[in-house]
Amino acid sequence: MEPIKELTLNKKMANQYLIMGGVALLVGMILFALAGNGMLIGFGILFMIMGGLNKNLKVVTIHNQYLEIKLGIIASKKLIKYNQITSFSIVKKVLELHYIDEANKPKKVRIQVKALEKEDITALDKVLHEKTDLEGTNSLILIK
């Protein structure tokens, strides 16, 4: 099924891993040259790989019948139908989406607000209002 819209990871968050990897790699090389301990080199390479892979991470994919949420490069996808959603809001800079799974158990997905662009959060809010039967008290728009 073709997605309506794909919300990718905020570029600042993806770049954080690249910066941390570069710093760890540099410090690891210095420590290896001075003390013969190159443990941080591996961490630097790992963080740089994670940063490179996160640049294309589609956190939320909006389809006609459901949302597809993937919170990390090795995290599994969560498919949530719109009729399963019970509420959505932003609590302490975290987007919370409450839903009922196939086994009728309440679940929630938490996404950091800073992981998505403001325009993407607005678009997701609009889609959730259109596709769910929830009243107007549910919102992802921060009022400041």
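Preceding block: the structure.
A brief report on the enclosed structure follows. These numbers were taken from a predicted model, which means no experiment stands behind them.

## Remarks on the pattern of salt bridges
Counted by the stated rule, this structure contains three salt bridges. A salt bridge links Glu96 to Lys108, with the shortest nitrogen-to-oxygen separation between them at 4.0 Å. Remark: Lys108 occurs in strand S7 (residues 106-112) and Glu96 occurs in strand S6 (residues 94-100); sequence separation between them is 12 residues. Of the residues examined, Glu96 reaches a relative accessible area of 8% and is grouped as buried. For Lys108, a relative accessible area of 42% corresponds to the partly exposed category. With its nearest N and O atoms 3.1 Å apart, the salt bridge here joins Glu96 to Arg110. On the criterion of sequence distance, the pair formed by Glu96 in strand S6 and Arg110 in strand S7 is long-range, its members being 14 residues apart. If you follow the salt bridges from partner to partner, you end up with Glu96, Lys108 and Arg110 in one network.

## Notes on empty space enclosed by the protein
One pass over the structure, following the stated rule, counts one cavity of 30 Å³ or more. Volume-wise, the largest cavity comes out at about 30 Å³. Put simply, the parts of the chain that give the lining of the largest cavity at least two residues each are S6 and S7.

## Structural notes on the side chain of Asp125
Within the secondary structure, Asp125 sits in helix H3 (residues 118-131). Summary of buried charges: Asp125 has no salt-bridge partner, and the nearest side chain of opposite charge, Lys126, is 10 Å away. Not counting residues up to four positions away in its chain, the partners in contact with Asp125 are Phe88, Asn138, Ser139, Leu140 and Ile141.

## Some thoughts on helix H1 (residues 11-35)
In this model, H1 (25 residues) spans 36 Å end to end at C-alpha, consistent with the 36 Å of a helix rising 1.5 Å per residue. For H1, the set of buried residues is Met13, Ala14, Gly21, Ala24, Leu25 and Gly28. For H1, the secondary structure elements touched by its buried residues are helix H2 (39-54).

## Describing H3
A rise of 1.5 Å per residue sets the reference length of H3, with its 14 residues, at 20 Å; its end C-alpha atoms lie 20 Å apart and thus fit the reference within 8%. Turning to H3, its buried residues number three or more, namely Asp120, Ile121, Ala123, Leu124, Asp125, Val127 and Leu128.

## So, the sheet that holds strand S5 (residues 85-91)
What holds strands together in a sheet is hydrogen bonding between their backbones, with the strands either parallel or antiparallel. If you trace the three strands from one edge of the open sheet to the other, you get S5-S6-S7, paired in antiparallel fashion. At either margin of the open sheet sits one strand with a lone partner, and together these are S5 and S7. Sheet twist, expressed as the average angle between the axes of neighbouring strands with direction ignored, equals 15°. Across the sheet, H3 touches S5 and S6, and the angle it forms with S5 is around 155°.

What counts and how
- Residues numbered from 1 in each chain as written.
- Predicted model: local features only at pLDDT ≥ 70, side-chain atom pairs only at ≥ 80, totals over all residues.
- Heavy atoms only, no water.
- Salt bridge = Lys/Arg side-chain N within 4 Å of Asp/Glu carboxyl O.
- Helix = DSSP H or I, 4+ residues; strand = E, 2+ residues; numbered from the N terminus.
- Buried < 20%, exposed > 50% of the residue type's maximum accessible area, 1.4 Å probe, protein only.
- 1 Å grid on protein atoms, 1.4 Å probe; cavity = no way out; pocket = protein on both sides within 12 Å on 5 of 7 lines; lining within 4 Å.
- Points joined across faces, edges and corners; volume = space filled by probe spheres on them.
- Lys, Arg positive; Asp, Glu negative; His and termini not counted.
- Contact = heavy atoms within 4.5 Å.
- Expected span 1.5 Å × (residues − 1).
- Pairing = 2+ DSSP bridges.
- Axes fitted to C-alpha atoms, helices over the stretch in contact; angles between N-to-C directions.

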